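# Summary of the model geometry
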Amino acid sequence: MKSKGTAHRPLSTVRRRIVALAGGVGGAKLAHGLAQILPPEDLTIIVNTGDDFEHYGLYICPDLDTVCYTLAGLANPETGWGRVDESWNVIENAARLGGPGWFRLGDRDLGTHLERTRRLREGHCLSEITRDFCKAWGIEHTVLPMTDDCVRTIVETGEGDLEFQEYFVHRHCEPRVKGFRFDGIETAEPAIGAREAIAEAEAVVICPSNPWVSVDPILRIFSPLLSGEGSGVRVVAVSPIIGGETVKGPAAKMYRELGIEPSALAVANHYSGLLTGFVLDRVDALSVKDIEVKSLVTDTLMKSAEDRRRLAQDVLNLIGDL
Ligand code: GDP
Ligand code: CA
């Protein structure tokens, strides 16, 4: 790997073909751990695009950009999203003129959205554009949007249906959740190369992303390929819930509002029927007895690049034992 974010790949590389399913912040961290261990040809990361939206006429892919910036070593380490060394001149000036300022778009980040939007308007598809951007950023592992078709996550709340970013960023996840809808999902096709990556994979890793809004849209497209007749692929999930809480974001709140106690067990149950293995945190060790698939208890909080690599290695070891 040329990029500084993944420069420390050890010599003893493991040979396993892995597909990782990822949302934004939590997904990007484990994807980065896997990228530190696996050679580029052995890792494909399929990323949620249900959060995508248009703002100021630009096409924005929050999860895809978080994953790419993280792999490229360009991510803001404090927020987990957006770019490091960012400035905010454009959005602040637009807001001063009366434009919406609630969705923070940094100056460097805006370059991504400008060029992506220009290429989409020229007729290029998102997977092609993502491939080119990865090349430009020095990312050698394959990053794919889940689909090149338009899917929009809608949060059904006590205050009506809200587009995902309206709920997540503008309304700070305050409206009470009643359910989720993924408009366009029925007709969405896997992105170019995604079907093949899964067919060739030894295992699919569901990253510690929000099960409701980051992973479910991806699974709605891909679960027929994972659980279908003759599919020998192993599926391992890592819990994003530690000690009944999220590290960041609204997943635990969503569980509660939907009448489910948030826990690692609830996450395992969420994916039930799909999993062959599960990874949960040491603080949740007591839940292991209730989880139906082979489980690994380990430290799952990723504070450093080394934590990410170590958790990724634990996940690969579990896959090897299945
Ligand atoms: P988003 O799309 O940016 O909201 O990010 P994701 O859906 O990929 O990730 C959000 C989830 O990541 C939250 O439920 C967090 O609890 C989880 N998460 C974030 N950091 C960590 C971590 O270090 N370890 C674990 N296990 N989960 C994490
Ligand atoms: Ca997201």
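Everything that follows concerns the structure shown earlier in this document.
Residues numbered from 1 in each chain as written. Chains lettered and ligands numbered in written order. Predicted model: local features only at pLDDT ≥ 70, side-chain atom pairs only at ≥ 80, totals over all residues. Heavy atoms only, no water.

## Points about empty space enclosed by the protein
Keep this limit in mind: In this analysis, the protein atoms alone were mapped onto a 1 Å grid. Cavities are point sets where a 1.4 Å probe fits without being able to get out; pockets are open sets with protein on both sides within 12 Å along at least five of seven lines; lining residues have an atom within 4 Å of a point. Grid points are joined across faces, edges and corners, and a volume is the space filled by probe spheres set on the points. Only runs of H or I of at least four residues qualify as helices and only runs of E of at least two qualify as strands under DSSP, and these elements are numbered from the N terminus. The nonpolar class holds Ala, Val, Leu, Ile, Met, Phe, Trp, Tyr, Cys and Pro. Asp, Glu, Lys and Arg form the charged class, and all remaining residues, Gly among them, are polar.
Taken as a whole and assessed by the stated rule, the structure comprises 1 cavity of 30 Å³ or more. Quantified by volume, the largest cavity comes out at close to 50 Å³. Every residue along the wall of the largest cavity is listed here: Leu 64, Asp 65, Cys 68, Arg 116, Leu 126, Ile 129, Thr 130, Phe 133 and Trp 137. Taken together, the elements giving at least two residues each to the lining of the largest cavity come down to helix H2 (62-72) and helix H5 (126-137). Broken down by class, the residue content of the lining of the largest cavity amounts to 6 nonpolar, 1 polar and 2 charged.

## Let's talk about the coordination of the calcium ion (ligand 2)
Defined as follows: Distances up to 2.8 Å from the metal define which N, O and S atoms are donors, and 3.2 Å serves for Na, K and Ca; water is absent from the atom set, so sites may look incomplete. We call a residue buried when its accessible area falls under 20% of the maximum for its residue type, exposed when it is over 50%, and partly exposed in between, using a 1.4 Å probe and counting protein chains only.
Distances from the calcium ion (ligand 2) to its protein donors, Asp 51 (OD), Asp 63 (OD) and Asp 63 (OD), fall at 2.0 to 2.6 Å. Separated by 12 residues along the polypeptide, Asp 51 in the loop between strand S2 (43-47) and strand S3 (53-55) and Asp 63 in helix H2 bring together distant segments of the chain. Residue classification places Asp 63 among the buried residues on the basis of a relative accessible area of 6%.

## Quick look at the pattern of salt bridges
Heads up, the rule is: In what follows, salt bridge is the name for a side-chain nitrogen of Lys or Arg lying within 4 Å of a carboxyl oxygen of Asp or Glu.
The final tally for this structure, using the stated rule, is 22 salt bridges. Residue Arg 116 is joined to Asp 65 by a salt bridge in which the shortest nitrogen-to-oxygen separation is 2.4 Å. You can see Arg 116 sitting in helix H4 (residues 107-121) and its partner Asp 65 sitting in helix H2, a full 51 residues away along the chain. Grouping residues by exposure puts Arg 116 and Asp 65 together as buried. Linking Arg 195 and Glu 189 is a salt bridge whose minimum nitrogen-to-oxygen distance equals 3.1 Å. A relative accessible area of 45% places Glu 189 in the partly exposed class. Taken together, the salt bridges that share partners define one network made up of Glu 115, Arg 118, Arg 119, Glu 122, Arg 131 and Asp 132.

## Some words on the sheet that holds strand S10 (residues 234-238)
Where we set the bar: At least two DSSP bridges between two strands are required for those strands to pair. Every axis in this analysis is a line fitted to C-alpha atoms, fitted for helices over the stretch in contact. Angles between the N-to-C directions lie between 0 and 180 degrees. Every residue pair with non-hydrogen atoms within 4.5 Å of one another is taken to be in contact.
Spatially, the 7 strands line up as an open sheet ordered S5-S2-S1-S9-S10-S13-S14, and their pairing is parallel. Two strands close off the open sheet at either side, each with one partner strand: strand S5 (142-145) and strand S14 (294-298). When strand polarity is set aside, the average angle formed by the axes of neighbouring strands in this sheet is 20°. When S10 meets strand S13 (residues 277-281), the two strands line up parallel, connected through 3 bridges. Along S13, the bridge assignment pairs Ala 237 with Phe 278. Against the sheet, H2 makes contact with strand S1 (18-22), S2 and S5, and its axis sits at roughly 170° relative to S5, the strand it touches most. Contacting S1, strand S9 (203-206), S10, S13 and S14, helix H11 (residues 305-321) runs over the sheet at an angle of about 155° to S14.

## Description of the nonpolar core
Worth spelling out the cut-off: Among buried residues, the Ala, Val, Leu, Ile, Met, Phe, Trp, Tyr and Cys ones that are joined through side-chain atoms within 4.5 Å form a nonpolar core.
Membership of the largest hydrophobic core comes to 48 residues, with the highest contact counts inside it found for Ile 46, Ile 206 and Phe 278. Top contributing element to this core by residue count: helix H8 (residues 211-227), with 8 residues. Within the second largest apolar cluster, 42 residues are counted, among which are Leu 71, Ile 129, Phe 133 and Trp 137.

## A short note on the site of ligand 1
This is how it is decided: Residues are labelled near a given molecule or strand when at least one of their non-hydrogen atoms is within 4 Å of it. In protein, a polar contact requires one atom able to donate a hydrogen and another able to accept it; more generally it is a pair of N or O atoms within 3.5 Å, and residues adjacent in sequence count only if both atoms are side-chain atoms. With residues, only the protein chains shown are counted as cover, and all accessible areas are computed by Shrake-Rupley using a 1.4 Å probe.
Taken together, 22 residues form the shell around ligand 1, and within it Ser 209, Ser 214, Pro 240, Val 247 and Thr 300 come nearest. Taking Gly 26, its main chain carries an N or O atom lying 3.2 Å from an oxygen atom of ligand 1. Interatomic distance of 2.7 Å between a backbone N/O atom of Val 247 and an oxygen atom of ligand 1. Considered on its own, ligand 1 offers 590 Å² of accessible surface; in the complex 94% of this is hidden by protein. Take the shell around ligand 1: its biggest share by element is 4 residues, from helix H1 (residues 25-37).

Scope: geometric values only; no functional claims are made or implied.
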